[in-house]
Amino acid sequence: MEFISDNTRSIQYSKIRKMFNKALEYEHTINFTIGEPDFVASENVAKAACQAVAEGKSKYSENAGILPLREAISGYLQRELGQKYDPVTEITVTPGAMAALYQGLKVILNPEDEVIVIEPCWTNYLQQILMCGGVPVSVSADAEKGFSLDVSAIRKAITKKTKAIIINSPCNPTGAVLEKEELKQLAALAQEFDLLVISDEVYKHILFDDASFFSIATLPGMRERTLVVDSFSKTFAMTGFRVGYAAGPSEIIGNMTKLQENISACVAMPSQYAALEALSGGTEHLQYMVKCYKERRDYLAERLSAMPLVSWLPSKGTFYAFVSVRDTGFSSEEFAMKLLEEKQVVVVPGDAFGEYGEGYIRISFATSMEQLEKGMDAMESFLKQIAGAGVH
Ligand SMILES: Cc1ncc(COP(=O)(O)O)c(C=O)c1O
């Protein structure tokens, strides 16, 4: 008997994991692969979780999450997006944004339905679409224009089977932030072809300089065809609490909650109380983290601009740098492997984020300045070696 289904067999481990495993062969590495804040949740948030446990708030909750949390999310969205979502029918709390995305896709996809993803992208989108029986259709972002949307390429990719488009701004891995004008064009396309937009907004608070976040859900005619997905993981450094949510049309949200009843039942109740506290508390912790990320981004910009054979347009948001290594003559994977072998610096090859990520590496700067300094010294010496040897 073959126990593993064809569908499961079609799902691939991510290349990030491959780098991770390779890095385990070395005793000491400088690791720039981590996709989570190097900060922990603020004290009030941690205390709220502990207090919930102490008070016996450690049972199953409603599948959509405790109502006070959904009400707080509704208030937060009203403040952030200027848009009201009904906490009872239009918001569901999920184990991270990951589950919101998966349940959202599961709700909308029939076998062979197509979903457009803008690459380079967080590859879990591709795997999740496949897990739901759908077909991911990749469209390249416009790398020449700072990884902005190529709306005419998206138009060309639409077929009768296209059901949805996933966007992610600020973007993991490119650090690009979509402009209102691009989103307006995408919104017009979604309306013309009657498509749903899944807007992954998990990095919306990690912005630099004059970059500002804009949600496509707030454009005229888009509220009813946008599923907003957000998370407490990055904004509040709460990755391990596993709290995310989706806000959108009640029919989709209701069906997502129905599926959640059969998957995880609900988010762990103490985590929900921690999330409630995160929304009720101040923003000092977030401001501090963003200040640190910005210092590190500026440091990377200074160091990388002085290195041969690499180029980078500094990220407008997130804690990732997506750096071109094309001029080295190596593929993304070759470059990442050689950097690991020779200098024990671990980065993610760009093709881990889809074929259009080839020619780049992703460096996560959710790590200490000390690590960044060491890593940049090592990378500089590696690049000078290559440049000197004329390998490229
Ligand atoms: C673009 C993007 N979306 C969603 C997630 C999932 O976040 P979580 O499930 O922790 O909320 C991540 C995590 O790295 C991400 O990078």
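The rules behind the values
Residues numbered from 1 in each chain as written. Predicted model: local features only at pLDDT ≥ 70, side-chain atom pairs only at ≥ 80, totals over all residues. Heavy atoms only, no water. Helix = DSSP H or I, 4+ residues; strand = E, 2+ residues; numbered from the N terminus. Rg over C-alpha atoms; globule rule 2.2 N^0.38 Å. Buried < 20%, exposed > 50% of the residue type's maximum accessible area, 1.4 Å probe, protein only. Areas by Shrake-Rupley, 256 points an atom, 1.4 Å probe, with all protein chains shown as cover. Lys, Arg positive; Asp, Glu negative; His and termini not counted. Charge placed at Lys NZ, Arg CZ, Asp CG, Glu CD. Phe/Tyr/Trp six-rings, centres within 6.5 Å; stacked < 30°, edge-to-face > 60°. Lys NZ or Arg CZ within 6 Å of the ring centre and 35° of its normal. Axes fitted to C-alpha atoms, helices over the stretch in contact; angles between N-to-C directions. Left-handed = near helix turned anticlockwise from the far one by under 90°. Contact = heavy atoms within 4.5 Å. Nonpolar A, V, L, I, M, F, W, Y, C, P; charged D, E, K, R; others polar. Domains from an automatic or database assignment. Buried area = accessible area lost by both parts, 1.4 Å probe. Salt bridge = Lys/Arg side-chain N within 4 Å of Asp/Glu carboxyl O. Polar contact = N/O pair within 3.5 Å; in protein donor to acceptor, adjacent residues only side chain to side chain. 1 Å grid on protein atoms, 1.4 Å probe; cavity = no way out; pocket = protein on both sides within 12 Å on 5 of 7 lines; lining within 4 Å. Points joined across faces, edges and corners; volume = space filled by probe spheres on them.

Participant: What is the right way to look at the overall build of the protein in this model?
Facilitator: Each helix and strand counted, the protein has 13 helices and 12 strands in total. Here the protein has a C-alpha radius of gyration of 21 Å; the compact-globule value for 392 residues is 21 Å, and the two agree. Classification of the 392 residues of the protein by burial places 55% in the buried group. As displayed, the protein offers around 16900 Å² of accessible surface, 51% of which is attributable to carbon and sulfur atoms. Counting 38 positive and 50 negative side-chain charges, the protein places the centres of these two groups 2 Å from one another.

Participant: Just checking my understanding: could you explain the packing of aromatic side chains for this structure?
Facilitator: What characterises a pair of aromatic rings is the spacing of the ring centres plus the angle enclosed by the ring planes. Using the criterion set out here, one finds 15 aromatic pairs in the structure. When the centroid spacing of 5.4 Å and the interplanar angle of 80° are considered together, the rings of tryptophan 122 and tyrosine 125 count as edge-to-face. Across the pair, exposure class does not vary: tryptophan 122 and tyrosine 125 are buried alike. An aromatic cluster of three or more residues is present, and its members are Phe39, Tyr203, Tyr288, Tyr293, Phe319 and Tyr320. One cation-aromatic arrangement involves lysine 57 over tyrosine 273; the distance from NZ or CZ to the ring centre is 4.6 Å.

Participant: Got a minute to help me understand the packing of helix α5 (residues 96-108) against helix α6 (residues 124-131) in this structure?
Facilitator: Think of two packed helices as two axes; the pair is described by the angle between the axes and how far apart they sit. Contact geometry of α5 with α6 gives a least axis separation of 9 Å together with a crossing angle of 40°. Crossing handedness for the pair α5 and α6: right-handed. Where α5 approaches α6, its residues Met98, Leu101, Tyr102 and Leu105 are matched on the opposing element by Asn124, Tyr125, Gln128, Ile129 and Met131. Of the residues in the contact of α5 with α6, the class split is seven nonpolar, two polar and no charged.

Participant: Would you mind showing me how to read the domain arrangement of the protein here?
Facilitator: When the parts of a complex come together, some accessible area is lost, and that lost area is often used as the size of the interface. Structurally, the protein comprises domain 1 (12-35 + 284-385) and domain 2 (43-280). The centre of domain 1, based on its C-alpha atoms, is set 26 Å off from the matching centre of domain 2. Counting from both sides, the interface comprises 27 residues of domain 1 and, opposite them, 30 residues of domain 2. Carbon and sulfur atoms supply 62% of the area that domain 1 and domain 2 bury against each other, a total of about 2400 Å² over both sides. By the criterion of area lost to domain 2, the three top residues of domain 1 are Lys316, Thr318 and Tyr356, representing 28% of everything that side buries. There are three salt bridges connecting domain 1 and domain 2. For aspartate 209, the salt bridge goes to lysine 294, with nearest N and O atoms at 3.7 Å. Inspection of the region where domain 1 meets domain 2 yields 13 residue pairs in polar contact (both at pLDDT 80 or more). For the side of domain 1 that touches domain 2, the secondary structure elements donating two or more residues are α11 (284-305), β9 (320-324) and β12 (360-364). At seven residues, the largest contribution of residues to the side of domain 1 that touches domain 2 is made by α11.

Participant: Explain empty space enclosed by the protein to me, please; I cannot follow it from the model alone.
Facilitator: One way to see where empty space is left: roll a probe the size of a water molecule over the atoms. On inspection of all chains with the given rule, the structure shows two cavities of 30 Å³ or more. The calculated volume of the largest cavity comes to roughly 160 Å³. Taken together, 17 residues line the largest cavity, and the ones lying closest to its centre are Ile118, Pro120, Leu149, Asn168 and Cys171. For the lining of the largest cavity, the secondary-structure elements that each account for two or more residues are β3 (114-119) and β5 (162-168). Residues of the lining of the largest cavity, tallied by class, amount to 14 nonpolar, two polar and one charged. The calculated volume of the second largest cavity comes to roughly 30 Å³. As for the second largest cavity, its lining consists of Ile167, Ser169, Leu183, Ser199, Glu201, Phe213, Phe214, Ser215 and Ile216. A breakdown of the residues in the lining of the second largest cavity according to their chemical character gives five nonpolar, three polar and one charged.

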